[in-house]
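Working through the structure, step by step
Here is what each chain is made of, one letter per residue.
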Amino acid sequence: MTRTALLTLVLSSTAIVAYLGYRVLLPQPSAPVASETAGPVGSLPDFSLSDLSGGMRSIRSWPDEALVINFWATWCAPCLREIPLLKEFQEQHAERPVQVIGIAVDRLEPVQEFAREIEFNYPILVGETEGINAAASFGVDFFALPLTVFTDTEGAILGVHTGEIHPEDLENLSTTLAELGSGTIDRTVARTRLTGFR
């Protein structure tokens, strides 16, 4: 195994163990409680996170846009491989009602430094525990990075994808959003196409 692969494996394992430890230490209700976040939610939850300048920004700051919400971290190798694809996707869809939003589950300073180097063409929000809580608000049972959520222009959740995004996934998303926008397909078909597509 190469040194980089070994380091990636160790860091990924550490992140998973830390998250699981965090989840175990959370207070648990004494009896099951029905919750809107038990399983995938139907519409965009409301939360705010810090942007790169340190100001708070709501996830609902992009009304009438289909959102591609990508949870990532500076230490996550698959996340970093996705960024050029997401930048290209945002550039290709600049004239359409589609907005990529990156949510870094990380500390603000390393993300700011990384952002200066990579020159994102889409907004970045940042939060450590707050970022994990934001991901949980989408109703995901298991949080791992990268994680990407897709909405339509009305804020309806179309899909949640855990793992690395590939070019064919973004092509599928682009086609699905175009057909949904033109009325060729409905949300049910869009959700079928975008849920667990890899």
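Procedures and definitions
- Residues numbered from 1 in each chain as written.
- Predicted model: local features only at pLDDT ≥ 70, side-chain atom pairs only at ≥ 80, totals over all residues.
- Heavy atoms only, no water.
- Helix = DSSP H or I, 4+ residues; strand = E, 2+ residues; numbered from the N terminus.
- Axes fitted to C-alpha atoms, helices over the stretch in contact; angles between N-to-C directions.
- Parallel < 35°, antiparallel > 145°, perpendicular 65-115°, else oblique.
- Left-handed = near helix turned anticlockwise from the far one by under 90°.
- Contact = heavy atoms within 4.5 Å.
- Nonpolar A, V, L, I, M, F, W, Y, C, P; charged D, E, K, R; others polar.

1. So, unusual backbone geometry
Cis peptide bonds are those with omega within 30 degrees of zero, and the linkage from leucine 145 to proline 146 qualifies with -5°. Relative to the helices and strands, proline 146 resides in the loop between helix H4 (129-136) and strand S6 (147-151). Residues other than glycine seldom take positive phi values, yet aspartate 64 does so here, at roughly 60°. On the secondary structure map, aspartate 64 appears in the loop between strand S2 (56-58) and strand S3 (66-72). Phi at glutamate 119 takes a positive value of approximately 55°, unusual for a residue other than glycine. Along the chain, glutamate 119 falls in the loop between helix H3 (108-118) and strand S5 (124-126).

2. Let's talk about the packing of helix H2 (residues 77-92) against helix H5 (residues 167-182)
Their axes nearest at 10 Å, the elements H2 and H5 cross at an angle of 25°. By the angle between their axes, H2 is roughly parallel relative to H5. Crossing of H2 against H5: the hand is right-handed. For the pair formed by H2 and H5, the contact residues are Leu85, Leu86 and Phe89 on the first element and Pro167, Leu170, Leu173 and Ser174 on the second. When the residues that make up the contact of H2 with H5 are grouped by side-chain class, the tally is six nonpolar, one polar and no charged.

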